[in-house]
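Notes for the structure review
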Amino acid sequence: MSASGSVRAAAASVWRWIRSAPGTYVWLAALGVTTAIQQRLTPEEARVWLGHRSTNLDRLGDDPIRVLIGSAFWTDGGGWLVYAVLFSLVHANAERWLGTLRWLVVVVLAHVGATYLSQGVLLWAIRHDRAPERAAFALDVGVSYGLAGVAAVLAYRVLLPWRVLYVLGVLAVCVPPVFLDRTFTDVGHASAALIGFACYPLTRGRRARDWDPGPRLRGSCLLIRRRIRRSQWPTIERNR
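Residues numbered from 1 in each chain as written. Predicted model: local features only at pLDDT ≥ 70, side-chain atom pairs only at ≥ 80, totals over all residues. Heavy atoms only, no water.

Re the nonpolar core
Within the largest apolar cluster, 32 residues are counted, with the highest numbers of intra-cluster contacts made by Trp27, Phe87 and Val150. Mapped onto this core, the elements with two or more residues apiece are helix 2 (22-39), helix 6 (80-98), helix 7 (100-127), helix 8 (144-153), helix 9 (162-174) and helix 11 (184-198). Ignoring sequence-local partners within four residues, the contact set of Trp27 consists of Ala72, Phe73, Phe87, His91, Trp103, Val107 and Val143. (Core = buried A, V, L, I, M, F, W, Y, C linked by side-chain atoms within 4.5 Å. Buried < 20%, exposed > 50% of the residue type's maximum accessible area, 1.4 Å probe, protein only. Helix = DSSP H or I, 4+ residues; strand = E, 2+ residues; numbered from the N terminus. Contact = heavy atoms within 4.5 Å.)

Here's the deal with unusual backbone geometry
Across the junction of Leu160 and Pro161, the peptide omega takes the value 5 degrees, indicating a cis bond. Relative to the assigned elements, Pro161 resides in the loop between helix 8 and helix 9. Positive phi is not limited to glycine here, since Asp129 has a value of about 60 degrees. Relative to the elements of secondary structure, Asp129 occurs in the loop between helix 7 and helix 8. Assessed through its relative accessible area of 72%, Asp129 is described here as exposed. Residues other than glycine seldom take positive phi values, yet Arg182 does so here, at roughly 55 degrees. Among the secondary structure elements, Arg182 is positioned in the loop between helix 10 (176-180) and helix 11. Taking relative accessible area as the criterion, Arg182 reaches 67% and is therefore assigned exposed.

What to know about the side chain of Thr203
The residue Thr203 is located in the loop between helix 11 and helix 12 (213-239) in this model. On the basis of relative accessible area, Thr203 is assigned to the buried category, the value being 0%. One polar contact links the side chain of Thr203 to the main-chain carbonyl oxygen of Tyr200, over a distance of 2.6 Å. Ignoring sequence-local partners within four residues, the contact set of Thr203 consists of Trp97, Leu98, Arg102, Val153 and Tyr156. (Polar contact = N/O pair within 3.5 Å; in protein donor to acceptor, adjacent residues only side chain to side chain.)

A short note on the packing of aromatic side chains
For the structure on display, the rule yields four aromatic pairs. Among the aromatic residues, those joined into a cluster by ring pairs are Trp27, Phe87 and Trp103. Here the guanidinium or amino end of Arg53 rests over the ring plane of Trp49, the centre of that ring lying 4.0 Å away. (Phe/Tyr/Trp six-rings, centres within 6.5 Å; stacked < 30°, edge-to-face > 60°. Lys NZ or Arg CZ within 6 Å of the ring centre and 35° of its normal.)

Side note on the packing of helix 2 against helix 6
Viewed as axis vectors pointing N to C, helix 2 and helix 6 meet at an angle of 165 degrees, and their least axial separation amounts to 9 Å. Looking at the two axes, helix 2 sits roughly antiparallel to helix 6. Pair helix 2 / helix 6 crosses with right-handed handedness. Residues Pro22, Gly23, Thr24, Tyr25, Trp27, Leu28, Leu31, Gly32 and Thr35 of helix 2 pack against Trp80, Tyr83, Ala84, Phe87, Ser88, His91, Ala92 and Glu95 of helix 6. (Axes fitted to C-alpha atoms, helices over the stretch in contact; angles between N-to-C directions. Parallel < 35°, antiparallel > 145°, perpendicular 65-115°, else oblique. Left-handed = near helix turned anticlockwise from the far one by under 90°.)

Description of the confidence of the model for the protein
Per-residue pLDDT for the protein has a mean of 86; in total, 83% of the residues score no lower than 70. Segment residues 235-240 is flagged for pLDDT under 50; beyond a separation of four residues in sequence, or across chains, it makes zero contacts in the model. (pLDDT = per-residue confidence, 0-100.)

Things to note about the environment of Leu154
Relative to the helices and strands, Leu154 resides in the loop between helix 8 and helix 9. Separated by 57 residues in the primary sequence, Leu154 and Trp211 place their C-alpha atoms 9.8 Å from one another. Each residue touching Leu154, except ones within four places of it in the same chain, is listed here: Val90, Asn93, Ala94, Trp97, Tyr166 and Trp211.

Focus: the packing of helix 9 against helix 11
Taken N-terminus to C-terminus, the directions of helix 9 and helix 11 make an angle of 160 degrees; their axes are 9 Å apart at the nearest point. What the angle tells us is that helix 9 and helix 11 run roughly antiparallel. The residues of helix 11 that touch helix 9, namely those facing Val167, Val170, Leu171 and Cys174, are Asp186, His189, Ala190, Ala193 and Phe197. A per-class count over the contact of helix 9 with helix 11 returns seven nonpolar, one polar and one charged. (Nonpolar A, V, L, I, M, F, W, Y, C, P; charged D, E, K, R; others polar.)

What follows is the structure in structure tokens.
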């Protein structure tokens with residue numbers, strides 16, 4: 001196959017992947033636009049702009065629906081390419097597996113549920129003098145709650161016993177910061193992961209293409225052993 005043919009084949013494969021997860025990539029494209037807008041603002045302008053779309057206690061009290069939707073289309077300054085990789089690994093695989101509607105339900109439940117749980121903990125902390133009152137105006141935007149929830153629900157696509165390791169991995173990422181850093185965003189990520197695990201009913205009937213890492217791991221181990229043996233052959237020959 002010529003180089004141009006290889007490029008066309010690769011482009012067609014990428015396009016088929018994108019079409020198989022339309023919700024993921026429409027969302028990612030919107031994040032690309034908002035990221036470009038954010039990069040054109042000064043730090044002070046960006047702070048004010050994001051403040052109007054923040055799901056903090058102050059904004060949730062004034063206009064909850066608007067900020068819950070708006071906050072999901074802005075980031076806290078992270079690079080768009082990082083989100084492109086994470087969306088392709090997590091959201092796209094989940095959408096292809098669950099279907100767009102079920103995937104979107106998980107995203108909404110994780111985003112909204114984790115927002116209210118984390119802000120509820122913050123409200124409790126403010127009322128009991130565990131956090132300053134200005135924390136009610138803290139910036140809270142981004143897509144990480146939805147990402148954590150969808151990453152958690154993907155556990156049900158992994159076959160046992162590998163599923164146990166996957167769940168432990170998700171918990172290892174989300175739970176320790178709650179006790180170490182103790183910020184409301186850490187509470188939000190842990191809450192989103194638990195909500196994702198609770199979305200098991202949405203996965204019923206979607207088990208036909210479960211992931212089984214076993215054959216790949218065994219194949220990788222076999223390949224590594226063969227390469228180690230081959231690297232040792234010259235040494236064996238010299239010692240004879």
